[in-house]
Amino acid sequence: MTQDNYESIKVGIIEKCRLLEKMGYFVGTWGNISVRVPEGFIVTPSRVQYDAIQASDFVVVSMDGNLVAGHRLPSSEAEIHRAVLNKKSSVGAIIHSHSPYATAVSCLHRPIPPFVEDLAQIIGGQINCTRYVPAGQHKRIAEEVANTIGEENAVLLANHGVMCCGRDLDEAFVASQILEKAALMMLAAGAIGPVIPILDEFVSSERHRFLYKYGTPHDAP
Ligand SMILES: [Zn+2]
């Protein structure tokens, strides 16, 4: 463990957990967050209410799955975080939530195509859905999630919820909001007909613009 115990990262995670609970994305202790650190990743502990959680409750898990620091048990879903962090080196933080609209789409076992621009920019492609794995089989869910997620920054867990990634926690938080909004829009538009995806070439160019040009003078009009 480093000198500062990652206090500021843990405080940032607590803020996001409480916000996500207020937003209805986390209910009770269902929902968890990880942030990559040099030793592995910090992850929310199992069965601690977010209104009572403290920085000292967090645990650090190594990339090969060993508990490195902390006196509590890691979230039961830490394996899923580990699998995604191991697969995607660009990811610095992950939010796993059971946000209602995205979870509703996960119950259809259907992907969410990149049909709105913010989805193309922040998520970067179609969000695929895993096959169903019964709750409690965390290693199998982790394998399924790692096999399903690609370059895009999110994945639906069938009949369960969603994982959203970002280069940092703020980006994973925005990805969670963008995905939930897209799921709501897909379900609303679905009353009239299937949504029309944006062409692949424009999804790629929007993603590239967001990653490398957004907010810089190179983002020319
Ligand atoms: Zn879950």
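Refer to the structure printed above.
Residues numbered from 1 in each chain as written. Predicted model: local features only at pLDDT ≥ 70, side-chain atom pairs only at ≥ 80, totals over all residues.

A.B. asks: Help me understand the packing of helix H2 (residues 78-87) against helix H5 (residues 138-148), please; the structure alone is not making it clear to me.
C.D. replies: The geometry of a pair of packed helices is captured by two quantities: the angle between their axes and the separation between those axes. Their axes nearest at 8 Å, the elements H2 and H5 cross at an angle of 30°. One way to sum up the angle between H2 and H5 is to call them roughly parallel. For the crossing formed where H2 meets H5, the hand is right-handed. Across the interface between the two elements, Glu79, Ile80, Arg82, Ala83, Val84 and Lys87 of H2 pack against His138, Lys139, Ile141, Ala142, Glu143, Val145 and Ala146 of H5. In terms of residue class, the contact of H2 with H5 is built from 7 nonpolar, 1 polar and 5 charged. (Axes fitted to C-alpha atoms, helices over the stretch in contact; angles between N-to-C directions. Helix = DSSP H or I, 4+ residues; strand = E, 2+ residues; numbered from the N terminus. Parallel < 35°, antiparallel > 145°, perpendicular 65-115°, else oblique. Left-handed = near helix turned anticlockwise from the far one by under 90°. Contact = placed C-beta atoms within 7 Å. Nonpolar A, V, L, I, M, F, W, Y, C, P; charged D, E, K, R; others polar.)

A.B. asks: Where do I start with the environment of aspartate 170 in this structure?
C.D. replies: Checked against the element boundaries, aspartate 170 lands in helix H6 (residues 169-189). Residues aspartate 170 and phenylalanine 210, spaced 40 residues apart in sequence, show a C-alpha to C-alpha distance of 15 Å.

A.B. asks: What exactly am I supposed to notice about unusual backbone geometry here?
C.D. replies: Residues other than glycine predominantly adopt negative phi, and peptide bonds predominantly adopt the trans conformation. You will see that arginine 47, though not glycine, has its phi angle at about 55°, which is positive. You will see that histidine 109, though not glycine, has its phi angle at about 55°, which is positive. Residue classification places histidine 109 among the partly exposed residues on the basis of 13 C-beta atoms within 10 Å. (Buried ≥ 20, exposed ≤ 12 C-beta atoms within 10 Å, placed from the backbone.)

A.B. asks: What am I meant to see in the nonpolar core here?
C.D. replies: By size, the foremost hydrophobic cluster in this structure holds 56 residues, and its most contacted members are Val84, Val145, Ala154, Met163 and Leu179. Tallying contributions element by element places H6 first for this core, with 9 residues. Excluding residues within four positions of it along the chain, alanine 154 makes contact with Ile123, Ile127, Val162, Met163, Cys164, Cys165, Ala175 and Leu179. (Core = buried A, V, L, I, M, F, W, Y, C linked by C-beta atoms within 7 Å.)

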